Amino acid sequence: MRKIGVLFVSLLLIFSLIACGTNPYVYKQESTVKKDAAVLPCNGKVLETKSGVYTEICRTDRQAMYADLVSGWFVVENLTSGKMWFSVPDDITEDTISKGISMQEMRSQINVGYIFRDDENISTVSRYINSDAGSYGCDGISTEKLPNGIRVTYAFPDYGFTIPVEYTLEKDYFSARVLLDQIKEGTLCYVTEIILLPNLCSANWNASGYLFIPEGSGAIAHMNRGGEENTYEGRVYGSDIMVDSEQKKQFNQSVRMPVFGLVNNNDAIVGIIENGDTAASIVAQTQSEECGYNYIGSKYFVRYLFTKKMFKGDGNNVHSFCRASNRDFSQKEYSVRYYTISGSNISYVDIAGLYRDYLVDEKGLVKRESEPVMNIKYYGLIDCKKNFAGISYTGKMSLTTYKQAREFTEYLLENGASSLNVIYTGWSGDGLTNDKVQTKASPSGKLGGRKAFETLREYLKDKKITFSPDVELLQFSSGGNGYSVRKNAVRSVFSDRTPLYRYDAATGLPQTSSKLSYCLTASSAYKAYTTYLNGFVKLKTDSVLLSSLGSEWYSSWNLRNTENGAVTVGTYCDILSKYADKQKVLLRESNAYAFPYASKITEVPASSGSNDFFDEDVPFYQIVLHGYIPMTSVSLSNDFNPIDSFLQTVETGSELLFDGIYEDSSKLIETDYNSLYSKTCNLWAQRAIENYKEYMPLLSKISNSTIIYHKKINQNLVYIIYDNGVNVLVNYEADAASFEGHEVSAKGFSYWE
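Residues numbered from 1 in each chain as written. Predicted model: local features only at pLDDT ≥ 70, side-chain atom pairs only at ≥ 80, totals over all residues. Heavy atoms only, no water.

1. Observations concerning the pairing of strand β24 (residues 374-379)
Across a regular strand the side chains alternate sides, sitting on one face of the sheet and then on the other. Most of β24 sits out of view: six of its six residues are buried. Of the two faces of β24, the one carrying Met374, Ile376 and Tyr378 and the one carrying Asn375, Lys377 and Tyr379 are both buried. In terms of strand pairing, β24 meets strand β27 (residues 420-425) through six bridges, oriented parallel. Counterpart to Lys377 in the pairing with β27 is Ile423. (Buried < 20%, exposed > 50% of the residue type's maximum accessible area, 1.4 Å probe, protein only. Helix = DSSP H or I, 4+ residues; strand = E, 2+ residues; numbered from the N terminus. Pairing = 2+ DSSP bridges.)

Listed below in structure tokens is the structure:
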């Protein structure tokens, strides 16, 4: 068998020869792990496997690392379970499914995206070369032993670039670090992307288990399930308008956490993107006709490719002009931590617990205990079309005045909904959309003015109701108040200002009839938010909702003043820190970098969106944060399936959220706010009160506890356990059900301690 394996490797090498032709930002905390205390003495043990011979390089009390210093391949062993994770699959010689380039990629530790410098103006996508064909097959591999691992330098002689990567064991994890500042490119190519260790988190054609991806609430893709949708890529922290296409092909949720994993029987491996997360994607693939393996990993964007269409008004004369962004030399490394875990019934719950511990130890996540409430979100002022003397113009229209917000809140209180949080969006300035960048925190006169605002505030304070006005300053439509589109809006690499579009749900195309908005650069946003804060604190509210800062980000590629993702996110965290020092901060569907500043996260999805790659949705986001940061459901006001949406809220242990307007929805005709149809408060008021009364007794018991168990008993029955001993059954079936002697009604839930 050994000779056959060597012969097979030799044949592959011949084939390869033929083919051969840190910017640290605010949210990052100092690690609490003492790396220099991790490594224990090793005895140079030799590990003979099907794929090769590996020598022990180093070990800790939890893991051992073996390497082949010729190829740079390595193995990480979990010393508790004995499970070995190979950088190149150990059973590669038995693979009869993978073909051609797929076989090469399975034998590679990095895959590199590049463009030829001479082709920059016509390159819309990257070409790819893998380390097996482009480096190992061309004698481009060099290795160096480190005290706790190895450094592998991948030279690609036919392409002129060299990429060094360090693989090391730390105290309780394995680390892979691409040394970005030491990449050498030469004069032939630009390096654009690097897929790091695509095969470390992999399993073969016979494996059972799944790949985990944190899109939306979280999702899993079963390995070896067949089907046509077998590849996935999702940008960490969601899309950036500067690198988005003009057409939104799918309305997926965003990847809010830089973590991924593979679960295989009683073992799992978890990757956490530590440095370079703002320029990363999660990539995955299930077994297909072309590739025999299932794998998940990450990609780092060294450069972005941009395309500008010229003469778009003439359908017969459309030309595309392409350009690559500059390389970010301030980002010193791209690093990913890998944790190996083992035990009976390993699942996404274990991955969530591990990631929560990481956030606590490394990123400043703290437990924020609070009394649960029902959240009510009011919409104030919107744009509308008006007419005077035959002249059409854009005016403002009130949907909910301060007085009306008080009246409806009072109605909820009188009918038994006693614990509330009031969120008010569109309460100041230009309302829901900013014509100009707002610099003063002034309650709108069209909603009742400052006196009516203060009356509402004092009423809510007297009733012990939290008041959270929404502050959104990132987007604006025109110049004024010291800001202009020309000077302060984000720019593409072509130096033009890219507008923010609303997209049509049917076609995915931008709605060009809507008023164009632009986004402030990070430096301009810092100035705007800090100036605004001085006036906002004088309004004396309990908290503030910063609806965009935790979930949306926009890089600017102006060649004179580039603000990439790391700079932008770092600046946003600076702003969040300033606001959090003054009052409680609410965030909407927050990305992980903003967790340390959030006292509550609103509108957290209970699904992963519409991507056909996924087989099941899981509440990973909620499992990670439950008991640490209070979260709300998405709005339950005009849901097409209100019962199931309510049950999802119960399943995830989230607070209820309803949003609405006081005025009749007919006022929204011929406006850009058709999403607010059917949100008139009296249409959902009774349902909100009923949900509150049914759910609040349970929520009061679990709101400050963590989820330690979550499992689908069958397609419609879910069982959840909290660390304080509360057990919950949620039944989505139209008939009553039971589990281990506990009954649950049709379309209902039950709980016990």
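2. A short note on the packing of helix α5 (residues 402-414) against helix α6 (residues 449-462)
Relative orientation of the contacting elements α5 and α6 amounts to 15°, with a least axis distance of 9 Å. With respect to their mutual orientation, α5 and α6 come out roughly parallel. Regarding α5 and α6, the two cross each other, and that crossing is left-handed. Seen from α5, the contacting residues are Tyr402, Ala405, Arg406, Thr409, Glu410 and Leu413; seen from α6, they are Gly449, Ala452, Phe453, Thr455, Leu456, Tyr459 and Leu460. Residues belonging to the contact of α5 with α6 are distributed by class as follows: eight nonpolar, three polar and two charged. (Axes fitted to C-alpha atoms, helices over the stretch in contact; angles between N-to-C directions. Parallel < 35°, antiparallel > 145°, perpendicular 65-115°, else oblique. Left-handed = near helix turned anticlockwise from the far one by under 90°. Contact = heavy atoms within 4.5 Å. Nonpolar A, V, L, I, M, F, W, Y, C, P; charged D, E, K, R; others polar.)

3. Details of the sheet that holds strand β11 (residues 174-178)
Across the sheet, which stays open at both edges, the ten strands sit in the order β8-β9-β10-β11-β23-β18-β17-β14-β15-β34 with antiparallel pairing between neighbours. What marks the edges here is a single partner per strand, and that holds for β8 (141-146) and β34 (616-617). Bridge count between strand β18 (residues 267-275) and strand β23 (residues 334-342): eight bridges; the pairing is antiparallel. Across the sheet, Gly271 pairs through a bridge with Tyr338, a residue of β23.

4. Points about the pattern of salt bridges
In the structure shown here, the tally under the stated rule is 28 salt bridges. Across the pair Asp132 and Arg107 runs a salt bridge whose closest N-O atoms are separated by 3.3 Å. Here Arg107 lies in the loop between α2 (100-106) and β6 (110-116) and Asp132 lies in helix α3 (residues 131-134), a separation of 25 residues in the sequence. Each member of the pair, Asp132 as well as Arg107, is classed as buried. Taken together, the shared-partner salt bridges connect Arg151, Glu166, Arg177 and Glu333 into one network. (Salt bridge = Lys/Arg side-chain N within 4 Å of Asp/Glu carboxyl O.)

5. Topic: the sheet that holds strand β38 (residues 727-731)
With respect to topology, four strands assemble into an open sheet ordered β36-β37-β38-β41, the strand pairing being antiparallel. Each edge of the sheet is formed by a strand with only one pairing partner; in this case those strands are β36 (707-714) and β41 (748-752). Each neighbouring strand pair of the sheet contributes to a mean axis angle of 15°, computed without reference to strand direction. Judged from the six bridges that link them, β36 and strand β37 (residues 717-722) form a sheet pairing that is antiparallel. Bridge pairing in β37 places Lys711 opposite Tyr719.

6. As for empty space enclosed by the protein
By volume, the largest cavity is sized at about 150 Å³. Along the wall of the largest cavity there are 19 residues; nearest its centre are Ala279, Tyr300, Tyr304, Asp328 and Asn564. Split into classes, the residues belonging to the lining of the largest cavity amount to eight nonpolar, eight polar and three charged. The volume enclosed by the second largest cavity comes to roughly 100 Å³. Along the lines of polarity and charge, the residues of the lining of the second largest cavity split into five nonpolar, seven polar and two charged. (1 Å grid on protein atoms, 1.4 Å probe; cavity = no way out; pocket = protein on both sides within 12 Å on 5 of 7 lines; lining within 4 Å. Points joined across faces, edges and corners; volume = space filled by probe spheres on them.)

7. Examining the packing of aromatic side chains
Under the counting rule described, the total for this entry stands at 45 aromatic pairs. Ring centres of Tyr709 and Tyr719 lie 5.7 Å apart, and the angle between their planes is 65°; on these two criteria the pair is classed as edge-to-face. Taken as a pair, Tyr709 in strand β36 and Tyr719 in strand β37 lie far apart in primary sequence, ten residues in all. Looking at Tyr709, the relative accessible area reads 31%, which means it is partly exposed. (Phe/Tyr/Trp six-rings, centres within 6.5 Å; stacked < 30°, edge-to-face > 60°.)

8. Things to note about the confidence of the model for the chain
Taken residue by residue, the chain gives an average pLDDT of 90. The fraction at 70 or more is 90%. The low-confidence segment residues 1-37, where pLDDT is below 50, has 67 contacts with residues more than four positions distant or belonging to other chains. Throughout residues 245-250 the model reports pLDDT below 50, and contacts reaching past four residues in sequence, or to other chains, amount to 13 contacts. (pLDDT = per-residue confidence, 0-100.)

9. Structural notes on the state of the cysteines
As enumerated under the stated definition, the model contains zero disulfides in all. In this structure Cys42 is a free cysteine whose sulfur lies 6.8 Å from that of Cys58, the closest cysteine sulfur available. On the basis of relative accessibility, which here comes to 35%, the residue Cys42 falls in the partly exposed class. (Disulfide = S-S within 2.5 Å.)

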